[in-house]
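Chain by chain, the residues run as shown.
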Amino acid sequence: MSDTEYLTATMTVDRTPEQVFEAITHVRGWWSENLIGHSAALHDEFVFTDDSEYPGETVRAKKGLRFARFQIIEFVPGRRAVWHVVDSDFIDDRDEWTDTNVIFDITTDAQGTTLHFTHEGLTAAESACFEACSRAWTFFITKSLPQLLTTGAGQPIASYRR
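Read on for a plain summary of the structure. Everything numeric in this text was worked out from a predicted model, so none of it was measured.

Criteria and thresholds
- Residues numbered from 1 in each chain as written.
- Predicted model: local features only at pLDDT ≥ 70, side-chain atom pairs only at ≥ 80, totals over all residues.
- Heavy atoms only, no water.
- Phe/Tyr/Trp six-rings, centres within 6.5 Å; stacked < 30°, edge-to-face > 60°.
- Helix = DSSP H or I, 4+ residues; strand = E, 2+ residues; numbered from the N terminus.
- Buried < 20%, exposed > 50% of the residue type's maximum accessible area, 1.4 Å probe, protein only.
- Disulfide = S-S within 2.5 Å.

Regarding the packing of aromatic side chains
Counting across every chain of the model gives 17 aromatic pairs. Pairing W31 with W137 gives two aromatic rings, centres 4.7 Å apart and planes at 35°, and the pair type is tilted. Here W31 is found in the loop between α2 (27–30) and β2 (36–37), whereas its partner W137 is found in helix α4 (residues 130–151), with 106 residues between them in sequence. Residue W31 is classed as buried on the basis of its relative accessible area, which comes to 3%. Under the relative-accessibility criterion, W137 is labelled buried at 2%. Measuring from centroid to centroid gives 4.9 Å for F46 and W83, while their planes differ by 85°, and the two rings are edge-to-face.

What follows is the structure in C-alpha cells.
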C-alpha cells in the first residue's frame, strides 16, 4: 500500500448482496453495541465511541476515538452505503475523522459476495491513527462482519457494564 492510498479492507462471503447490505446496517452486531442513534436508512445519524468498559473510558485514558458522529449519505440496498463523518474527537488529533467517508461497496462473482470497504480520508501519509485504525477496521470488516453473516453473532465492542 502506498502512503497516498486510503484505508481499505475486503472480505468475501457466501451470502447474497442483500444479506451483506443488511448486516452492514446492523452496526451494533459487528462494530459496537454502544452506538447512539440509527444506522439503517438514508440520512440516519449515529454516534460511535471506542469506550468498551464504561462511558468516558477513552477520555480518562487519553487515547483513542472519543466519538465520531456519522450520517448515512448514500444508501443503495445490496450495492453501496456511505457514512459521512460529520464530527469527531480524538484525544491527540481532535478532528482526524471529521469530513471523511466510510464506504461499503458490494459486488458479486462466482466466489460469492465481496465487500470492498474504504475509509476515504485516512491515509498512511497523513493520518495519525492510520495503523491502529487499519488494524481495527480490518478486524471488524474481515472477522466480525463475516461472522455475523455466517453465525448470526459478530464480535462487536461489547455493551458497557451496567
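Section: the state of the cysteines
Enumeration over the complete set of coordinates arrives at one disulfide. Across the disulfide from C129 sits C133; the S-S distance is 2.3 Å. Between C129 and C133, the S-S dihedral sits near -115°, and the bridge is therefore left-handed. Each member of the pair, C129 as well as C133, carries the same accessibility label: buried.

Observations regarding unusual backbone geometry
Phi angles above zero are rare outside glycine, and H43 is one such case at about 75°. Relative to the helices and strands, H43 is located in the loop between β2 and β3 (45–48). Of the residues examined, H43 reaches a relative accessible area of 53% and is grouped as exposed. Despite not being glycine, D99 has its phi angle at roughly 70°, a positive value. Note that D99 resides in the loop between β5 (80–90) and β6 (101–109).

Take it as geometry only, folks, not as evidence of what the structure does.
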